[in-house]
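Structural features, examined
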Amino acid sequence: MLGKQEIQENRILCASGNEERVLVLASSNRELNLDEAVKGGLSKDNKNYALILLNQPLPKFTPQLWDYAKLRLCADGGANRVFDEMPLLLPRQDPVSVRDRYVPDVIKGDMDSIRTEVKDFYANLGSKIVDASEDQDTTDLHKCISFVQDTIPDVDKPDLCILVVGALGGRFDHEMGNINVLCNFSNIRIVLISDDCLIQLLPRTHHHEINILSSVEGPHCGLIPIATASAKATTSGLEWNLDDTEMKFGGLVSTSNMVREEKITVKSDSDLLWTISVRRTT
Ligand SMILES: Nc1ncnc2c1ncn2[C@@H]1O[C@H](COP(=O)(O)OP(=O)(O)OP(=O)(O)O)[C@@H](O)[C@H]1O
Ligand SMILES: Cc1ncc(C[n+]2csc(CCO)c2C)c(N)n1
């Protein structure tokens, strides 16, 4: 019954305790936002997110997300991106020392995209290399999420969040595969982040309260039924709210909606994707 569902606060990306969203601010104003994050209680010790980097151009705030992550994984060719692009994202630092400092904890995938020199480089610096080439039925992102799920101690799981960069804006089959992973692991808080938007799954099992940090995100947003039609979805805080409204492909899906309040509430009888734009100031 919807009325009895537990409320799931969206604690992905807000100021105190929701620092990843603050870190996304780095795309517009790095100094201010990191200050803000520290004021919000940010320290390297209280992070509980894993960062997964895919084989796509790295968003410009990747170094900030990296610095505060508890575990950093590259999905196969994602390691090439860290090797090639981290020095470019930090142009004022010595490229050799950037490479030596930004070493993934884990590289996992079917290993058909990572270059040998990159694999050897990170293996020598202590990365755990997991060759899962025998599995040709799940994507490298899926393999990495499984790794996190199997590795994080149970005590940390309730707060676990996985941030994924490089999931959007590329090949459509890959993008759909990446979104499918949100559905494969609907019990884990996974956020796909790009320079343009965030995407996460809102499972039907919860009522959701999404705290908007309007200095970094919005106003454009969307709610999209993903696995099946939503017979009834109800929202508050949006320009075009739903009121026990049906949503389905071939009918209504809520795109080009706008955030109107700091807190958005969502309930639905089927899983929905929530997406919101990331602000650009440059
Ligand atoms: N163009 C893209 N768009 C979106 N996601 C991508 C894209 N390319 C790669 N990825 C993501 O990065 C992960 C690792 O990429 P990589 O190129 O190593 O995968 P792959 O399995 O070798 O891909 P391919 O299907 O091209 O053989 C993929 O599992 C996917 O999640
Ligand atoms: C029905 C079906 N379609 C596509 C693939 C191919 N595939 C899906 S994930 C993956 C691994 C990519 O690293 C590969 C090759 C499959 N196995 N089954």
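Reading the values: rules and limits
Residues numbered from 1 in each chain as written. Chains lettered and ligands numbered in written order. Predicted model: local features only at pLDDT ≥ 70, side-chain atom pairs only at ≥ 80, totals over all residues. Heavy atoms only, no water. pLDDT = per-residue confidence, 0-100. Contact = heavy atoms within 4.5 Å. Pairing = 2+ DSSP bridges. Helix = DSSP H or I, 4+ residues; strand = E, 2+ residues; numbered from the N terminus. Axes fitted to C-alpha atoms, helices over the stretch in contact; angles between N-to-C directions. Near = heavy atom within 4 Å. Polar contact = N/O pair within 3.5 Å; in protein donor to acceptor, adjacent residues only side chain to side chain. Nonpolar A, V, L, I, M, F, W, Y, C, P; charged D, E, K, R; others polar. Phe/Tyr/Trp six-rings, centres within 6.5 Å; stacked < 30°, edge-to-face > 60°. Lys NZ or Arg CZ within 6 Å of the ring centre and 35° of its normal. Buried < 20%, exposed > 50% of the residue type's maximum accessible area, 1.4 Å probe, protein only. Areas by Shrake-Rupley, 256 points an atom, 1.4 Å probe, with all protein chains shown as cover. Parallel < 35°, antiparallel > 145°, perpendicular 65-115°, else oblique. Left-handed = near helix turned anticlockwise from the far one by under 90°.

A few points about the confidence of the model for the chain
Keep in mind that low pLDDT regions are not for reading the predicted coordinates in detail. Confidence along the chain averages 86 in pLDDT terms, with 83% of residues attaining 70 or more. Note that residues 11-46 has pLDDT below 50 and, in this model, 80 contacts with residues that lie over four places away or in other chains. Per the prediction output, this complex has pTM 0.87; the corresponding ipTM is 0.93.

Comments concerning the sheet that holds strand β8 (residues 197-202)
The mixed open sheet is built from 10 strands, whose spatial order is β5-β4-β3-β2-β6-β7-β8-β15-β10-β13. Across the chains shown, the open sheet's two edge strands, defined by having one partner strand only, are β5 (128-131) and β13 (254-258). Strand-to-strand, the axes of this sheet are offset by a mean angle of 20°, without reference to chain direction. Summarising the sheet, strand β2 (residues 49-53) and strand β3 (residues 71-75) pair through four bridges and their orientation is parallel. Considered in β3, the bridge of I52 is made with L73.

Quick word on the site of ligand 2
Close contacts around ligand 2 come from D110, Q136, D137, T138, T139 and D140, and that covers them all. One of the backbone nitrogen or oxygen atoms of Q136 is found 2.7 Å away from a nitrogen atom of ligand 2. Separating a nitrogen atom of ligand 2 from a side-chain N or O atom of D137 is a distance of 2.8 Å. For the shell around ligand 2, the residue count by class is no nonpolar, three polar and three charged.

Some thoughts on the packing of aromatic side chains
Counting across every chain of the model gives four aromatic pairs. Taken together, a centroid distance of 5.2 Å and an interplanar angle of 85° make the contact between F83 and F121 edge-to-face. Of this pair, F83 sits in helix α4 (residues 78-89) while F121 is found in helix α6 (residues 116-124), placing the two residues 38 residues apart along the sequence. Aromatic rings pair up to connect F83, F121 and Y122 into one cluster. Stacked on the ring of F83, the Lys or Arg R99 has its end atom at 4.0 Å from the ring centre.

Description of α4
Because each turn of an α-helix spans 3.6 residues, side chains separated by three or four positions in sequence point in the same direction. Along α4, the residues classified as buried are G78, A79, N80, V82, F83, E85, M86 and P87. As for α4, its buried residues are in contact with β2, α3 (62-68), β3, α5 (95-101), β4 (106-109) and α6.

Points about the site of ligand 1
Near ligand 1 there are 17 residues, and of these N55, D112, S113, R171 and N178 occur at the shortest range. In the model, a nitrogen atom of ligand 1 is placed 3.5 Å from a nitrogen or oxygen of the Q56 side chain. Within the side chain of N178, an N or O atom sits 2.7 Å from an oxygen atom of ligand 1. Across the complex, the protein chains shield 81% of the 610 Å² of accessible surface that ligand 1 would expose by itself.

So, the packing of helix α7 (residues 140-151) against helix α8 (residues 172-184)
When two helices pack together, you describe them by how their axes are tilted relative to each other and by the distance separating the axes. Contact geometry of α7 with α8 gives a least axis separation of 9 Å together with a crossing angle of 30°. Judged on the interaxial angle alone, α8 and α7 are roughly parallel. Viewed along their axes, α7 and α8 form a crossing whose handedness is right-handed. Across from L141, H142 and I145 in α7, the residues of α8 making contact are N178, V181 and N184. Among the residues forming the contact of α7 with α8, the class breakdown is three nonpolar, three polar and no charged.

Let's talk about unusual backbone geometry
With an omega dihedral of 0°, the bond running from G218 to P219 counts as a cis peptide bond. Topologically, P219 is positioned in strand β10 (residues 217-225). A positive phi angle, near 45°, is found at D76, a position not held by glycine. If you trace the backbone, D76 turns up in the loop between β3 and α4. A relative accessible area of 0% places D76 in the buried class. If you check the backbone angles, S256 has positive phi at about 50° while not being a glycine. Inspection of the secondary structure puts S256 in strand β13.

Observations concerning the packing of α4 against α6
The geometry of α4 relative to α6 is characterised by a closest axis approach of 10 Å and an angle of 80° between their N-to-C directions. Viewed along their axes, α4 and α6 adopt a mutual orientation that is roughly perpendicular. Contacts from A79, N80, V82 and F83 of α4 reach α6 at E117, V118, F121 and Y122.

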